[in-house]
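So you can see what is in the structure, the chains are spelled out below.
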Amino acid sequence: MSGDTRIDRQQGRLRRMLNRLAASSEELQAEELRQDAEEAGCMPIASCQDRQQVTVTGTLRAVTLRPRAGVPALEAELFDGTDALDVVWLGRRSIAGIEPGRRLVAHGRISHARGRRVLFNPRYELRPVGSE
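Notes on the structure in this doc start here.

Basis of the calculations
- Residues numbered from 1 in each chain as written.
- Predicted model: local features only at pLDDT ≥ 70, side-chain atom pairs only at ≥ 80, totals over all residues.
- Heavy atoms only, no water.
- Disulfide = S-S within 2.5 Å.
- Buried < 20%, exposed > 50% of the residue type's maximum accessible area, 1.4 Å probe, protein only.
- Helix = DSSP H or I, 4+ residues; strand = E, 2+ residues; numbered from the N terminus.
- Polar contact = N/O pair within 3.5 Å; in protein donor to acceptor, adjacent residues only side chain to side chain.
- Contact = heavy atoms within 4.5 Å.
- Core = buried A, V, L, I, M, F, W, Y, C linked by side-chain atoms within 4.5 Å.
- Phe/Tyr/Trp six-rings, centres within 6.5 Å; stacked < 30°, edge-to-face > 60°.

Digging into the state of the cysteines
In step 1: Scanning the entire structure with this criterion turns up 0 disulfides.
In step 2: With no disulfide partner, Cys42 has as its closest neighbouring cysteine sulfur the one in Cys48, 9.8 Å distant.
In step 3: On the basis of relative accessible area, Cys42 is assigned to the buried category, the value being 11%.

Structural notes on the side chain of Arg68
In step 1: Tracing the chain through its elements places Arg68 in the loop between β1 (53-65) and β2 (73-79).
In step 2: For Arg68, a relative accessible area of 19% corresponds to the buried category.
In step 3: There is a polar contact of 3.0 Å between the side chain of Arg68 and the side chain of Glu75.
In step 4: Leave out the neighbours within four places in its chain, and Arg68 touches Ala73, Glu75, Val88, Leu90, Arg114 and Phe120.

Topic: the nonpolar core
In step 1: Core analysis: the largest hydrophobic core is formed by 17 residues, its most contacted members being Val56, Leu78, Leu85, Trp89, Ile98 and Leu119.
In step 2: Counting residues per element, the ones that place at least two in this core are β1, β2, β3 (84-90) and β4 (103-113).
In step 3: Ignoring anything within four residues of it in the chain, the contact list for Trp89 reads Pro72, Ala73, Leu74, Ala76, Ile95, Ile98, Asn121, Pro122 and Tyr124.

Re the packing of aromatic side chains
In step 1: By the definition in use, this model includes 1 aromatic pair.
In step 2: Aromatic pair Trp89 and Tyr124: ring centres 5.4 Å apart, planes at 75 degrees, arrangement edge-to-face. Taken together, the positions of Trp89 in strand β3 and Tyr124 in strand β6 (residues 123-126) put the pair 35 residues apart, joining distant regions of the chain.
In step 3: Exposure remark for Tyr124: the relative accessible area of 30% places this residue in the partly exposed category.

Taken by themselves, the reported measurements are silent on function.
If you want it as structure tokens, here you go:
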């Protein structure tokens with residue numbers, strides 16, 4: 001019986017290795033981001049509910065300056081491997097370190113705007129460039 005478990009484990013490792021070889025770079029990056037979020041104790045974006053206080057982490061995929069009601073607003077898309085959300089800083093044209101490809105941890109209350117999850121003026125922590 002213990003031999004069967006060892007064979008099952010070896011087949012499981014082989015299956016995982018083949019899946020990684022066949023996966024696209026986006027799928028591999030998404031898996032890495034999901035693992036990072038889990039290790040940091042952050043909530044997956046896909047499971048965030050409206051009006052919920054959350055801590056999320058991920059990579060900024062896009063950063064744009066988009067005025068809202070005549071007020072400058074810096075908007076960034078944060079992706080964690082499960083889903084994306086918009087992070088918006090009202091009254092800001094730029095923030096040092098907020099750029100595409102940067103990883104960060106954001107804390108705030110989720111809301112919905114234009115059918116997407118949004119964090120307005122969150123507390124945030126920039127992750128070191130190249131950190132795992």
